[in-house]
Number of protein chains: 2
Amino acid sequence: MSPKTRDADKRKAPLADTAPIFAALGDETRLGLVAHLATGDTFSIAQLTENTFVTRQAVTRHLEVLAQAGLVRGTRRGREHLWQFEPARLALAQRSLEQISSWWDEKLAALKEKVETEPDTK
Amino acid sequence: MSPKTRDADKRKAPLADTAPIFAALGDETRLGLVAHLATGDTFSIAQLTENTFVTRQAVTRHLEVLAQAGLVRGTRRGREHLWQFEPARLALAQRSLEQISSWWDEKLAALKEKVETEPDTK
DNA sequence: CGCACATGCAACAGCTTAGTTGCATAATTT
DNA sequence: AAATTATGCAACTAAGCTGTTGCATGTGCG
């Protein structure tokens, strides 16, 4: 392996942990739930179901998946289960994407540097 | 539905399109492939397989999934299939997360505003 | 109490995913 | 030409995901 990629590999460890977050966001219904929860305070399962095309039971499962990924948090109040957005994990996912983008930017910069340093290569 | 959330709903349409991107990134092996590809130029399937824990055939499938999501692009050169990172879709995913974050920030700002406007509510 | 509402739990069907192994094919190299 | 390398294609398995329906449980209210 080239020494150039080794530094990047060291920083990849935390990146792998974010895969479950992306998996949780990788469903249209769940992504919609997260988006909806981020616009408000707390919502009951019945309220959240109104904005989807699936049954209440399906929404419950999606919320459990999101909770497993740490993207939402639920609390019981009386007879209803209230859910709210949890921003920390989403921020982590954002940082992962930024990391990948930055690697790509560095790669482009290195390529440009190389071209300008050796303009008469042929 | 409250008029407050309706504006947000209008902007949710493009957000739903990003779910497949997150789904593609939601696998540890695939996320690793994307990260690796973003650090360099092009890599063959055999090269990419070295950094994974699965077989070459499995890597091929993962690359096809990533290509379907528009995150990578492959071209044939001689007997090898070279793959490279495609930054556009990842940038789109980034914007989705930023959008959700911004909704959350707006919500917090609105909450704070409300508290300061009605400090003696009890 | 009795009714309505909100949710939880369980079982099932259909489909998709991730991975493997085995073999075939095409391109390089010696 | 023969051996090596890189990949493609196909079949198969095991497991997981998404969604449903049906029923049970708990809570609030008149």
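Everything below is about the structure printed above this text.
No experiment lies behind these values; they were computed from the predicted model shown.

What counts as what
- Each chain has its residues counted from 1, following the order in which its sequence is written.
- Chains and ligands are labelled sequentially in the order written, the chains with letters from A and the ligands with numbers from 1.
- With pLDDT at 70 or above as the cut-off, local features in this predicted model cover only qualifying residues; side-chain atom pairs require 80 or more to be listed or tallied, and sums for whole chains, interfaces and linings still use all residues.
- Only hydrogens and water are removed before side-chain values are computed, so all heavy atoms of the structure are retained for them.
- Here a strand pair is declared whenever DSSP counts at least two bridges between the two strands.
- Secondary structure counts use DSSP, requiring at least four H or I residues in a row for a helix and at least two E residues in a row for a strand, with both numbered from the N terminus.
- Only residues with pLDDT of at least 70 in both copies count here: their C-alpha atoms drive the least-squares fit that superposes the copies.
- A pair of aromatic rings is counted whenever rings of Phe, Tyr or Trp (Trp by its six-membered ring) have centres within 6.5 Å, and the orientation is called stacked for planes under 30 degrees apart, edge-to-face for over 60 and tilted otherwise.
- Residue exposure (1.4 Å probe, protein chains only): buried if accessible area is under 20% of the type maximum, exposed if over 50%, otherwise partly exposed.
- Cation placement over rings: the criterion is NZ of Lys or CZ of Arg within 6 Å of the ring centroid and within 35° of the ring normal.
- By definition in these notes, contact holds between two residues if any of their heavy atoms fall within 4.5 Å.
- Once two parts are put together, the accessible area they lose, assessed with a 1.4 Å probe and summed over both, is termed the buried area.
- A carboxyl oxygen of Asp or Glu within 4 Å of a side-chain nitrogen of Lys or Arg is what we treat as a salt bridge.
- Definition of a polar contact: a pair of N or O atoms within 3.5 Å, with one able to donate and the other able to accept a hydrogen when the atoms are protein atoms, and with sequence-neighbouring residues admitted only if both atoms are side-chain atoms.
- Each residue is assigned to one of three groups, with Ala, Val, Leu, Ile, Met, Phe, Trp, Tyr, Cys and Pro labelled nonpolar, Asp, Glu, Lys and Arg labelled charged, and all others, Gly among them, labelled polar.
- One heavy atom suffices: a residue is near a molecule or strand as soon as one of its heavy atoms comes within 4 Å of it.

(A) Representation of the pairing of strand S2 (residues 72-77) of chain A in the model. All names here are of chain A. Examined bridge by bridge, S2 and strand S3 (residues 80-85) share 6 bridges and lie antiparallel to one another. Residue pairing in the sheet places Arg76 in a bridge with His81 of S3. As consecutive antiparallel partners, S2 and S3 are separated by 2 residues, and within that stretch Gly78 has a phi angle of approximately 65°, a positive value.

(B) Structural context of the relation of the copies chain B and chain A. With an RMSD of 0.0 Å, the operation that places chain B on chain A is a rotation of 180° combined with a shift of 0.0 Å along the axis. Classification of the inter-copy transformation places it as that of a two-fold axis.

(C) How the structure looks around the packing of aromatic side chains. Evaluated as defined, the whole model comprises 3 aromatic pairs over all chains. Measuring from centroid to centroid gives 5.0 Å for Phe85(A) and Trp104(B), while their planes differ by 75°, and the two rings are edge-to-face. On the criterion of chain membership, the pair formed by Phe85(A) in strand S3 and Trp104(B) in helix H7 (residues 87-117) is interchain, its members lying in two chains. Judged on exposure class, the residue Phe85(A) and its partner Trp104(B) are both buried. The ring centre of Trp104(A) lies 4.7 Å from the NZ or CZ of Lys107(A), which sits over that ring.

(D) View of the interface of chain B and chain A. Taken together, the 38 residues of chain B in the interface contact 38 residues of chain A. Across the chain B to chain A interface the summed buried area is about 3200 Å²; carbon plus sulfur atoms make up 73%. When residues of chain B are sorted by the area they lose upon contact with chain A, Thr39(B), Leu97(B) and Trp104(B) head the list and together hold 19% of the total. At the boundary of chain B with chain A, the tally comes to 2 salt bridges. One salt bridge connects Asp41(B) with Lys107(A), and the closest N-O pair in it is separated by 3.8 Å. Between chain B and chain A we count 4 residue pairs in polar contact (both at pLDDT 80 or more) in total. For the side of chain B that touches chain A, the elements supplying multiple residues, two or more each, are helix H1 (3-10), helix H2 (12-16), helix H3 (19-25), helix H4 (28-39) and H7 of chain B. Ranked by residue count, the leading element in the side of chain B that touches chain A is H7(B), at 11 residues. The class makeup of the residues in the side of chain B that touches chain A is 21 nonpolar, 10 polar and 7 charged.

(E) Representation of the protein's contact with DNA strand D in the model. Around DNA strand D sit 21 residues in total, of which Thr55(A), His62(A), Ala46(B), Arg56(B) and His81(B) are the nearest. A breakdown of the atoms of DNA strand D within 4 Å of the protein gives sugar and phosphate a share of 61%. One of the side-chain N or O atoms of Thr55(A) is found 2.5 Å from a phosphate oxygen in DNA strand D. Here a phosphate oxygen of DNA strand D and a side-chain polar atom of His62(A) are 2.3 Å apart.

(F) Inspection of the pairing of strand S3 (residues 80-85) of chain B at higher detail. One ladder, built from 3 bridges, connects strand S1 (residues 42-44) of chain B with S3(B); its direction is antiparallel. By the bridge assignment, Ser44(B) is partnered in S3(B) with Leu82(B).

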